[in-house]
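# Topology and contacts: notes
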Amino acid sequence: MSPDSGTNVVWLGSPGFPEAARTALGDPQLRRNLRKATATIRDKRLAVTGELDDWEQLREAGAATKRHTLRHLDRYLLRLEDSVTKAGGVVHWAADAAGANRIVTDLVRATGEAEVVKVKSMATQEIGLNEALEQAGIRAYETDLAELIVQLGDDRPSHILVPAIHRNRAEIREIFQREMGAWGRPAPDGLTDEPRALAEAARLHLRDKFLRAKVAVSGANFAIAETGTVGVVESEGNGRMCLTLPETLITVMGIEKVLPRWQDLEVFLQLLPRSSTGERMNPYTSTWRGVTPGDGPQAFHLVLLDNGRTATLADTVGRQALACIRCSACLNVCPVYERTGGHAYGSVYPGPIGAILTPQLVGVEHAATLPFASTLCGACYDACPVKINIPEVLTHLRAEVVEAKRAKRRVPGAEALAMKAATAVLASPRRLSVAQKAAALGGRLVSRKDVIGPLPGPLHAWTDARDTPAPPTESFRAWWQRTHPTGADS
Amino acid sequence: MTARDTVLGRIRAALADVPADEAVGDAPVPRDYRRSHAEADEVGLFAERVADYRARVVQATPERARATIAGLLAGSDVRTLVVPPGFPPELVPEGPWRRLEEPLEPGDLEAADTVLTTCRAGIAVTGTIVLDAGPGQGRRALTLLPDHHLCVVRAEQIVADVPDAVALLDPGRPLTFVSGPSATSDIELDRVEGVHGPRSLDVVIVREEPHV
């Protein structure tokens, strides 16, 4: 699979993570915004997960449900297709982003409409649906407040839950004043940067779009195979507007979002809100099955999206990434994310989950720096409500990146040569002893105050970002032989 | 080959490690979590948790319910009131407001001040009201467009926690779980009540002997 078929899974032309991170780290405003936001949400999450003394049992149930569902994914998708169809919905299958975009574009065209309202959805962002619709002359209006900020600012999302987390209130006010007029109702005169005033401006701006819209596009947080019930979890009510008022509803859902039974919701409706916004329950959750006469859209389409998910499923270690319920708790606890922000990951899926999901969706060779965008501290694993072992998948993917590089190269690189040399040295006690003496001598030559700083030549890749302590003048083995002349060292 | 065949074929190929005879029941999901996190007084807990979302919560006896609703409407300066089909007539108070009934256009709903409904269930631990578009609740748009939602919850409709609610609800009906007024945390993760859904939510709990 080429990265352009995945559209926004990786943003074309984005630099690798280390380079992008360096730019982000140099932006003090961004770092202040992120520090404040992630600290706030971390405290809230800990407070509400701490209220449940069976949180670990809930996590285990969530993880087991997802694990089981993925092992029988074909069966549950067919069951879902059947239930939705019987309830008056139409199910479509899309192998990739282009296929899904074509399906949605054709469905909108068939209604004769030239605009759609959208509920925040990672899947439609991943496939670049807005751009595809625009090429077909259809305007897509984002209605989630943060997505609106990103759309108006011609920006990119930097967080799964709060895509405009990199913007503070003053920046948001500036974007609203400058851009709202071009998209519809302008920002009110004298708009302040109070969050309440900014939310009110968004309410007014979007109101007539909701009342006018004939077609809505949404994602889905889950779909129940046995009943055909689909659900969206949200806060603002923009989701309810889109799911209720238009005549046609098109829902794009990754194939991994299916859940076997209605009862499974009793676990996920506890895990998701507490992990994501740090609330006992999010303000609004809507569920529906097919179409309901006299209530809501009378045409319902469900688009089931692969776009690299089956490739992820084929990796028995990496497949656990498909258990993700997009809560974004792992972003908020990650020391790397907190400092670099989401844009550095070059994907709609940032943070720890993005570092394991993106390379698998597009192939490691197209996102080779992401598995290394982590300290492997494990905070993400502890926070994950479905117990995805992100550090395990990261190290697994690191090995794949190294393999992929080796396969591509005819001449081994500096790292490979160094590893080969290390293998030879460590295999022989005599060679190790010679090497240690040489290192002690060499270390003293290049070190300053017992620290080896940046080195020239191929070694700079390692030493530019790290200080290495100078090797001791005498190795332990040499010291032992000197002080225990009659010892049993052989 | 259709996209459906392609995707299903890829899934089956990807799951080559799963034994063909592995049955759905082979790895049951461990469900040793609690059925409920509620203490004894579920109605009191419900009231407290709804109020945590900055909704207004009032308890009333069946005899006082109508007057309590009247007081809340008068206090909110209501001029137009939407009453869904099937709402108990004995609970609709007289007042200076104009009463709106179905059929209603989105424009009518948008211009209405308040919608007065019942609900399907309340969830104590999460402070959630569940609407299922049944009698007294109306179709979903009715509780969405007016800026003020006044919901009547009978004490016996309140269940302890999420598992009890899920077991009670009909997955075939359009459901809306409402936990407080609409809100956003999109600006610096500061919670602001009131975006697109009703910006104020009043809950009247009708109970034989209210604990005030």
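It should be emphasised that the depicted structure is a prediction, and the values quoted were computed from it without experimental measurement.

Helix and strand content of chain A: 22 helices and 12 strands. Summarising its shape, the C-alpha atoms of chain A cover approximately 95 × 55 × 50 Å along the three principal directions. Considering chain A as a whole, with its 490 residues, one finds that 50% of them fall into the buried category. For chain A, restricting intrachain contacts to residue pairs at least 6 apart in sequence, the fraction spanning at least 24 positions comes to 75%.

Here we come to the overall build of chain B. The helix and strand tally for chain B stands at five helices and 12 strands. Compactness check: chain B gives a C-alpha radius of gyration of 22 Å against a globular reference of 17 Å for 212 residues, more than 25% above the reference. Expressed as a percentage of the 212 residues in chain B, the buried residues total 50%. A sequence separation of at least 24 residues applies to 72% of the contacts in chain B between residues at least 6 apart.

On to the interface of chain B and chain A. At the junction of the two partners, chain B supplies 60 residues and chain A supplies 74 residues. Elements supplying a minimum of two residues to the side of chain B that touches chain A: α1 (3-14), α4 (106-111), α5 (162-168), β9 (175-178) and β10 (183-184) of chain B. Among the elements that line the side of chain B that touches chain A, the one with the most residues is α1 of chain B, at nine residues. Residue composition of the side of chain B that touches chain A, grouped by class: 30 nonpolar, 15 polar and 15 charged.

Turning our attention to the sheet that holds strand β3 (residues 98-100) of chain B. Residue and element names in this part refer to chain B. With parallel pairing, six strands are arranged side by side in an open sheet as β1-β12-β7-β4-β2-β3. At either end of the open sheet lies a strand with only one pairing partner, and these are β1 (56-60) and β3. Strand-to-strand, the axes of this sheet are offset by a mean angle of 20 degrees, without reference to chain direction. One ladder, built from four bridges, connects strand β4 (residues 114-117) with strand β7 (residues 148-154); its direction is parallel. From the neighbouring strand, valine 115 faces β7, where its bridge partner is histidine 149. The sheet contacts of helix α2 (residues 42-52) involve β1 and β12 (200-206), and relative to β1 the element is tilted by about 155 degrees. Relative to the sheet, helix α3 (residues 65-75) contacts β1, β2 (80-82), β4, β7 and β12, its axis offset from that of β12 by approximately 165 degrees.

Quick look at the environment of methionine 419 of chain A now. Tracing the sequence through the fold places methionine 419 of chain A in helix α19 (residues 414-426). It is 41 Å that separates the C-alpha atoms of methionine 419 of chain A and alanine 123 of chain A, two residues lying 296 residues apart in sequence.

With that out of the way, let us pick up unusual backbone geometry. Cis rather than trans, the peptide bond between glutamate 102 of chain B and proline 103 of chain B has omega equal to 0 degrees. A positive phi is found at aspartate 154 of chain A, a non-glycine position, where the angle reads about 50 degrees. Mapped onto the secondary structure, aspartate 154 of chain A falls in the loop between α8 (145-152) and α9 (169-183). The backbone of leucine 376 of chain A shows a phi angle near 60 degrees, a positive value even though the residue is not glycine. With respect to the element layout, leucine 376 of chain A can be found in the loop between α16 (351-362) and α17 (379-383). Overall, leucine 376 of chain A belongs to the partly exposed group, with 13 C-beta atoms counted inside 10 Å.

Attention shifts here to the environment of serine 83 of chain A. Residue and element names in this part refer to chain A. Mapped onto the elements, serine 83 comes out in helix α4 (residues 73-86). Looking at serine 83, the number of C-beta atoms within 10 Å reads 23, which means it is buried. Separated by 321 residues in the primary sequence, serine 83 and alanine 404 place their C-alpha atoms 42 Å from one another.

Quick look at α16 of chain A now. Residue and element names in this part refer to chain A. With 12 residues, α16 should reach 16 Å at 1.5 Å per residue; the first-to-last C-alpha distance of 16 Å fits that figure. Here α16 lies mainly inside the structure; 12 of its 12 residues are buried. Among all positions in α16, only Gly351, Pro352, Ile353, Gly354, Ala355, Ile356, Leu357, Thr358, Pro359, Gln360, Leu361 and Val362 are buried. In the stretch just after α16, glycine 363 is the one whose phi turns positive, near 95 degrees.

Right, let's get into the sheet that holds strand β6 (residues 229-234) of chain A. The mixed open sheet is built from eight strands, whose spatial order is β8(A)-β5(A)-β6(A)-β9(A)-β9(B)-β6(B)-β5(B)-β8(B). Each end of this open sheet is capped by a strand with a single partner; those strands are β8 (258-259) of chain A together with β8 (158-159) of chain B. The pairing of strand β9 (residues 284-289) of chain A with β9 of chain B spans four bridges and is antiparallel. Looking at the pairing, threonine 285 of chain A lines up with phenylalanine 177 of chain B of β9 of chain B.

This part covers the domain arrangement of chain A. Quite often, the size of an interface is put as the accessible area lost when its parts meet. The domain boundaries assigned to chain A delineate domain 1 (3-309) and domain 2 (417-483). Once you take the C-alpha centre of each, domain 1 of chain A and domain 2 of chain A turn out to be 52 Å apart.

Attention now goes to the packing of α16 of chain A against helix α18 (residues 390-408) of chain A. Residues and elements named next belong to chain A. The N-to-C vectors of α16 and α18 enclose an angle of 40 degrees; their axes lie 10 Å apart at closest approach. One element, α16, and the other, α18, form an angle in the oblique class. Note that α16 runs across α18; the crossing there is left-handed. Between α16, through Pro352, Ile353, Ala355, Ile356 and Pro359, and α18, the contact on the second element is made entirely by Ile390, Val393, Leu394 and Leu397. In terms of residue class, the contact of α16 with α18 is built from nine nonpolar, no polar and no charged.

Each value, and the rule that gives it
- Residues numbered from 1 in each chain as written.
- Chains lettered and ligands numbered in written order.
- Predicted model: local features only at pLDDT ≥ 70, side-chain atom pairs only at ≥ 80, totals over all residues.
- Helix = DSSP H or I, 4+ residues; strand = E, 2+ residues; numbered from the N terminus.
- Buried ≥ 20, exposed ≤ 12 C-beta atoms within 10 Å, placed from the backbone.
- Contact = placed C-beta atoms within 7 Å.
- Rg over C-alpha atoms; globule rule 2.2 N^0.38 Å.
- Nonpolar A, V, L, I, M, F, W, Y, C, P; charged D, E, K, R; others polar.
- Pairing = 2+ DSSP bridges.
- Axes fitted to C-alpha atoms, helices over the stretch in contact; angles between N-to-C directions.
- Expected span 1.5 Å × (residues − 1).
- Domains from an automatic or database assignment.
- Parallel < 35°, antiparallel > 145°, perpendicular 65-115°, else oblique.
- Left-handed = near helix turned anticlockwise from the far one by under 90°.

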